[in-house]
Amino acid sequence: MLSDRLAQNLASRNIHYGWLMAAVTFLTMLATAGVMGSAGVLMGPLEQEFGWTTEQISSAIAIRLVFYGVFAPFAAAFMNYWGVRKVTLCALVMILVGIVASYFMTELWHLVALWGVIIGMGTGMTALVLGATVATRWFAARRGLVVGFMTAANATGSLLFLPLLARLAETFGWRSALILLICVLVFTLLLILMLMRDRPADVGLPRFGEDQIAPTPPRAANVGKLLVQPLQTLRAAATEPVFWILFGTFFICGFSTNGLIQMHWVSICGDFGIAAVTAASILALIGVFDLVGTIGSGWLSDRFDNRHLLFVFYALRGLSLMYLPFSTFSIYELSVFAIFYGLDWVATVPPTVKLAAEKFGAERAPMVFGWVFMGHQIGAALAAYFAGAVRTGLDTYMPALFTAGVLCIMAALSVLAIGPRPIKSSSATTLA
């Protein structure tokens, strides 16, 4: 296979194939995140063409975010059984089918079925759990940096595409934006087919930072047992208070990021007379600073107490969100917001992944993180609907922004309740 030859070629240059895996995973998450973020740009055109309200479109987006989160823990189990490559290919095909079919939709239930269910399931299998799984399987060292790198792809991809998507939708109609997404997804599918492998042993390598090739763990005897594994993991993890702290803070993380700002930012700015392309460009600026902040967070998470990092990140995000309703929404003030908010957009992910691995063990950490991530998406879904309902009922988004800011301050305080020591060994054994 091409990957075997590449692995040997890179090894002769003292480059581990894991870095190429990280790059392919980065591009995969970048592409699927672009699909996730596109809904915020398309909301206005859909309202104009079909007469759907902000609340109705937000309901479909909320359903997608729920599926996106619910599939996360099961995605980790699917990857353990069928392999990362097969699961990722299947997910991208589902997303591609959903996007292509969206070109012809005319009814609200089409939006719910395609963007809510099908794309929600597909993106759920290529979300942050994919990055956490690849980082855990391929890296024993520099894992925090790699998780930060993957997380930046997931968050930044949902923002960087927006100016171009907004320009296409404004100039040629919203369906032209779908064509761009289809091209990106097809290119990503080809990369995965050629380069992605499941584990380092598949190309004859140990994990980066280790000397011995780890044997492939035995997989579940059947699919039924496979589907039970995430539930068993949840039952064991749920006995530990740290799980609920991580779940609750990640709920707030989702509420204050992709459920609120990512989905409604263009509409929020539109209420102040800011054009869609300009609003999308500010989101892209948030994405640029998110790239810096999240990779920096991964680097910091390898060196400092992750509880203290989470406290700082949530507090700064909360303060920036509470500042926004009192601003005049000038370009200068929005740029200042984009910088501070962007640096904290998902900088919370690497410390959360590291804490999950520390408390629950490296092999089960992706599945535990999958359940924690489900909390993130439930929060995002609630924010997507809540903000849409507030905008429809009160003709303003400001109460939703201030609520998100207050919740972030609460999250900052709650992470300090996590103990400095790992959970006791008996619990870790139960999870393993």
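Procedures and definitions
Residues numbered from 1 in each chain as written. Predicted model: local features only at pLDDT ≥ 70, side-chain atom pairs only at ≥ 80, totals over all residues. Heavy atoms only, no water. Axes fitted to C-alpha atoms, helices over the stretch in contact; angles between N-to-C directions. Helix = DSSP H or I, 4+ residues; strand = E, 2+ residues; numbered from the N terminus. Parallel < 35°, antiparallel > 145°, perpendicular 65-115°, else oblique. Left-handed = near helix turned anticlockwise from the far one by under 90°. Contact = heavy atoms within 4.5 Å. Nonpolar A, V, L, I, M, F, W, Y, C, P; charged D, E, K, R; others polar. Buried < 20%, exposed > 50% of the residue type's maximum accessible area, 1.4 Å probe, protein only. Phe/Tyr/Trp six-rings, centres within 6.5 Å; stacked < 30°, edge-to-face > 60°. 1 Å grid on protein atoms, 1.4 Å probe; cavity = no way out; pocket = protein on both sides within 12 Å on 5 of 7 lines; lining within 4 Å. Points joined across faces, edges and corners; volume = space filled by probe spheres on them. Core = buried A, V, L, I, M, F, W, Y, C linked by side-chain atoms within 4.5 Å. Expected span 1.5 Å × (residues − 1). Polar contact = N/O pair within 3.5 Å; in protein donor to acceptor, adjacent residues only side chain to side chain. Salt bridge = Lys/Arg side-chain N within 4 Å of Asp/Glu carboxyl O.

A. The packing of helix H8 (residues 162–172) against helix H9 (residues 174–195), seen in detail. The geometry of H8 relative to H9 is characterised by a closest axis approach of 6 Å and an angle of 140 degrees between their N-to-C directions. If you check the angle between H8 and H9, you find them oblique. Viewed along their axes, H8 and H9 form a crossing whose handedness is right-handed. Along its contact with H8, which presents Leu164, Leu165, Leu168, Ala169 and Phe172, the element H9 presents Trp174, Ser176, Ala177, Leu180 and Leu181. Considered class by class, the residues forming the contact of H8 with H9 number nine nonpolar, one polar and no charged.

B. Structural view of unusual backbone geometry. Look at Asn14: it is not a glycine, yet its phi comes out positive at around 60 degrees. Relative to the helices and strands, Asn14 resides in the loop between helix H1 (2–12) and helix H2 (17–50). Its relative accessible area of 74% is what places Asn14 among the exposed residues.

C. Representation of the packing of aromatic side chains. Counted according to the given criterion, the structure contains 20 aromatic pairs. For the pair Phe78 and Trp82, a centre-to-centre distance of 5.8 Å together with 55 degrees between the ring planes defines the contact as tilted. Here Phe78 pairs with Trp82, and both are found in helix H3 (residues 54–82), just four residues apart, close to one helical turn. For Phe78, a relative accessible area of 15% translates into the label buried. Classification of Trp82 as partly exposed rests on a relative accessible area of 37%.

D. Main features of the environment of Ile274. With respect to the element layout, Ile274 can be found in the loop between helix H12 (258–270) and helix H13 (276–301). Put simply, Ile274 and Ile331 are 57 residues apart on the chain and 9.2 Å apart in space, counted from C-alpha to C-alpha.

E. Local environment of the layout of surface pockets. The calculated volume of the largest pocket comes to roughly 380 Å³. If you go around the largest pocket, you meet 22 residues; those closest to its centre are Gly44, Pro45, Gln48, Val266 and Ala276. For the lining of the largest pocket, the secondary-structure elements that each account for two or more residues are H2, H8 and H12. Per element, the largest residue contribution to the lining of the largest pocket is eight residues, and it comes from H2. Across the lining of the largest pocket, the residue classes break down as ten nonpolar, seven polar and five charged.

F. Molecular detail of empty space enclosed by the protein. Within this structure, the stated rule accounts for three cavities of 30 Å³ or more. Within this model, the second largest cavity holds a volume of roughly 80 Å³. Lining the second largest cavity are Ala39, Leu42, Leu46, Ile57, Ala60, Ile61, Arg64, Leu111, Trp115 and Gly116. Going through the elements one at a time, H2, H3 and helix H5 (108–124) are the ones with two or more residues in the lining of the second largest cavity. It is H3 that provides the largest number of residues to the lining of the second largest cavity, a total of four residues. Across the lining of the second largest cavity, the residue classes break down as eight nonpolar, one polar and one charged.

G. Geometry of the nonpolar core. Among the nonpolar cores identified, the biggest contains 141 residues, and Tyr17, Ile99, Trp115, Ile261, Trp265 and Phe369 are the most heavily contacted of them. When neighbours within four sequence positions are excluded, Ile261 is seen to be in contact with Ser256, Leu283, Leu321, Tyr341, Trp345 and Leu401.

H. Focus on the side chain of His264. Tracing the backbone through its elements, the reader meets His264 in helix H12. For His264, a relative accessible area of 0% gives the class buried. Residues in contact with His264, not counting those within four places in the same chain, are Met43, Thr54, Ser58, Gly259, Ala383, Ala384, Ala387, Gly388 and Tyr397.

I. Structural detail: helix H14 (residues 306–323). Across its 18 residues, H14 extends 26 Å between first and last C-alpha, which sits within 8% of the 26 Å expected from 1.5 Å per residue. All of the buried residues along H14 are Asn306, Arg307, Leu309, Leu310, Phe313, Tyr314, Ala315, Arg317, Gly318, Ser320, Leu321 and Met322. Those residues of H14 that are buried lie in contact with helix H11 (241–256), H12, H13, helix H15 (331–343), helix H16 (349–360) and helix H18 (398–414).

J. Structural context of the side chain of Thr257. Inspection of the secondary structure puts Thr257 in the loop between H11 and H12. Residue Thr257 is classed as buried on the basis of its relative accessible area, which comes to 1%. At 2.7 Å, the side chain of Thr257 and the backbone oxygen of Cys253 are in polar contact. Leave out the neighbours within four places in its chain, and Thr257 touches Gln262, Arg317, Tyr341, Trp345 and His376.

K. A look at the pattern of salt bridges. The full count for this structure, using the stated rule, is seven salt bridges. Among the ionic pairs, Arg175 bridges to Glu49, the shortest N-O distance being 3.1 Å. Placement of Arg175 in helix H9 and of Glu49 in helix H2 is noted, with a sequence separation of 126 residues between them. The class for Glu49 is partly exposed, based on a relative accessible area of 40%. The salt bridge involving Arg391 is made with Asp395; its shortest N-O contact spans 2.7 Å. Beyond isolated ion pairs, a larger network of salt bridges with shared partners links Asp271, Arg391 and Asp395.

L. Focus on the packing of H3 against helix H17 (residues 365–394). Relative orientation of the contacting elements H3 and H17 amounts to 180 degrees, with a least axis distance of 8 Å. Looking at the two axes, H3 sits roughly antiparallel to H17. When grouped by side-chain class, the residues that make up the contact of H3 with H17 number 21 nonpolar, nine polar and one charged.

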